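# Structure at a glance
Below are the chains, spelled out letter by letter.
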Amino acid sequence: MIKTITTTPYADQAPGTSGLRKKVPVFQKPHYVENFVQSIFDSLDGFAGQTLVLGGDGRYYNREVIQRVLKMAAANGFGRVLVGQGGILSTPAVSNVIRKYKAYGGIVLSASHNPGGPDGDFGIKYNIGNGGPAPEKITDAIFARTRSITSYKIVEAPDVDLDRPGVSRLGDMNVEVIDSVADYSALMQQLFDFDRIGDLFRSGFRMKFDAMSAVTGPYAHAILERALGATAGTVMHGQPLPDFGGHHPDPNLVHAKEIYDLAMGTNAPDFCAASDGDGDRNLIIGRGIFVTPSDSLAMLAANAQLAPGYAKGLAGIARSMPTSGAADRVAQKLGIGMYETPTGWKFFGNLLDAGLVTICGEESAGTGSSHVREKDGLWAVLLWLNILAARKTSMLDIVQGHWATYGRNYYSRHDYEEVESDGANAMMKMLRDQLPSLKGKTFGALEIAGADDFAYHDPVDGSDSKNQGVRILFPDGSRVVYRLSGTGTAGATIRIYIEKFEADASRHNVETQAALGDLIALSRNLSRIEHYTQRSAPSVIT
Ligand code: G16
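This text gives an overview of the structure that appears in the document. (Residues numbered from 1 in each chain as written. Predicted model: local features only at pLDDT ≥ 70, side-chain atom pairs only at ≥ 80, totals over all residues. Heavy atoms only, no water.)

As a further point, take the packing of aromatic side chains. Under the definition given, this model contains 14 aromatic pairs. Ring centres of phenylalanine 47 and phenylalanine 78 lie 4.4 Å apart, and the angle between their planes is 10°; on these two criteria the pair is classed as stacked. Linking phenylalanine 47 in the loop between α2 (32-42) and β3 (51-56) with phenylalanine 78 in the loop between α3 (62-76) and β4 (80-88), this pair joins segments that are 31 residues apart in sequence. Here phenylalanine 47 matches phenylalanine 78 in class, with each residue buried. (Phe/Tyr/Trp six-rings, centres within 6.5 Å; stacked < 30°, edge-to-face > 60°. Helix = DSSP H or I, 4+ residues; strand = E, 2+ residues; numbered from the N terminus. Buried < 20%, exposed > 50% of the residue type's maximum accessible area, 1.4 Å probe, protein only.)

With mixed pairing, seven strands are arranged side by side in an open sheet as β2-β6-β5-β3-β4-β9-β8. With partners counted over all chains shown, the strands left at the sheet margins are β2 (20-23) and β8 (166-170), one partner each. Within this sheet the neighbouring strands show an average axis-to-axis angle of 20°, counted without direction. In this sheet, strand β6 (residues 121-127) lies alongside β2 in antiparallel orientation, the contact comprising four bridges. (Pairing = 2+ DSSP bridges. Axes fitted to C-alpha atoms, helices over the stretch in contact; angles between N-to-C directions.)

Before going further, it helps to spend a moment on the pairing of β3. The side chains of a regular strand alternate between both faces of the sheet. With six of its six residues buried, β3 lies for the most part within the structure. Neither face of β3 is exposed, since Thr51, Val53 and Gly55 on one face and Leu52, Leu54 and Gly56 on the opposite face are all buried. Bridge analysis of β3 against β4 gives five bridges, and the strand direction is parallel. Bridge assignment links valine 53 to a residue of β4, and that residue is leucine 82. With α3 bridging β3 and its parallel neighbour β4, the resulting β-α-β unit is right-handed. (Right-handed = clockwise from strand over helix to strand, strands pointing away.)

A general trend in soluble globular proteins is that nonpolar side chains are found buried together. With 72 residues, the main nonpolar core has Met188, Phe192, Met207, Phe209, Phe271, Trp379 and Leu385 as its most contacted residues. Looking at which element gives the most residues to this core, the answer is helix α13 (residues 377-391), with eleven residues. Taken domain by domain, the makeup of this core includes at least three residues from each of domain 1 (2-180) and domain 2 (184-406). Judged by nonpolar contacts, the second largest core, of 45 residues, contains Leu70, Val83, Ala134 and Met173. (Core = buried A, V, L, I, M, F, W, Y, C linked by side-chain atoms within 4.5 Å. Domains from an automatic or database assignment.)

Bringing the pairing of strand β25 (residues 470-473) into the picture now. Across four bridges, strand β22 (residues 450-453) lies against β25 in antiparallel orientation. Counted as the bridge partner of alanine 451 is isoleucine 472 from β25. Here four bridges tie β25 to strand β26 (residues 479-484), and the two strands are oriented antiparallel to one another. Following the sheet pairing, leucine 473 is matched in β26 by arginine 479. Between β25 and β26, which pair antiparallel and follow one another directly, the connecting turn spans five residues, one of which, glycine 477, has a positive phi of 95°.

Interpretation in functional terms is not warranted from these geometric data alone.
Structure follows, in structure tokens:
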């Protein structure tokens, strides 16, 4: 039976960089989940009888919300929901299932790399029929709807058994519980040379993959250990846990320190990698060498043709604005298009759909391609493995050879997490107010060549996105970028991105923070960040 439940709006349901993210207790407020889900459905047209894909990263509250979304999808007229077994689907797997089964769209339950558990974070995001995150036009409509919603629809029925694959009925809708891994694994086998990678493992190549007690555990066990023959134990923390074992499932040098230490230690494996809560981010470390996400994008693009799925070459490359310019140099050499977009994977969707780009990446540990419309952690790992198997050399060789050919973009991001929002906003305003007068100002040997607030004009749909981050540019291509994160759930997080280009190979082995020292000092002075945040140092440096 369909029930219509009266509700009142919440004022704080604005989707951020990637869906709605809040603390679990916020999502547990009466009707909070239902208001947002109904607002998604109310912002869409023509889905009666169509298919919705549903899954999450297994974090605390996943199962409860899956049941509610199923009952609301049935009440709102969807014909079928494909839901991952146990409620589990990684973000790239959702994207693939939407595309493969021509679904109307999908709902992903995840707060990505943010911690989980009863006091941790939860999130809901909507993906459209191309498999990618909803564009701003839709997220704006969803937010507007959350502010005026008065009721939602839900069927009254017992919970669906999520643990057994198969089809059941919920009201007038079919619920199909699908294998979480099978479709994704099949896609990876189309893109990569599994025989060759298998040979690499058989030759004694050693790898460790840290699934961080999050969603990629089942995918990595199936693909790396069972399909490719990596030795048992290659996958660490492979069991998804509701609280990720109490850790942040964020594959950066702070939260994935265990695997970083392994890669830098004695008798290190040849290759180490990690992925995040919902499986879309990646961390790549060779024996003794960390590869920044910006460099990884450039190196994957330069070598992608070695994998069967990319043998015909790339149409173009896209990167988010704060991502380093390393990939631009590859695009230039390959003679293909290069696109610079605002932060957020949703901005790549149009470029991929229009066939303008094949590979995309972000400094925030996201890399992906036209195979789906999300970034994809395990995909990046497999492309690296395919390249290593084909080139038969070490990561260190590949990385240093790349820098020797293209030059090195030294790069680091300094985050000031959970600072007071008022101070963070005041700092950004102060920087924006200064923009017109910055050109020509000098700080020691550094002279500012230009400064702006990044704006993007989408070449496919003609939409404009303004105020996407303050850029301070220097004559040699060095940059300092300031922006506020759109994914935090408490206070504000200020990100400062610092980049310096070095063409001279004899200066390619300087420690990163030292290489960037003068720009880091400038970035702090110019923004007066200590004054605005009352913090003497960043909370995370990556
Ligand atoms: C999300 C987005 C990414 C973005 C990242 C960081 O990643 O999908 O496109 O780069 O957040 O965004 P911000 O700097 O605004 O915090 P994820 O992995 O959290 O979904």
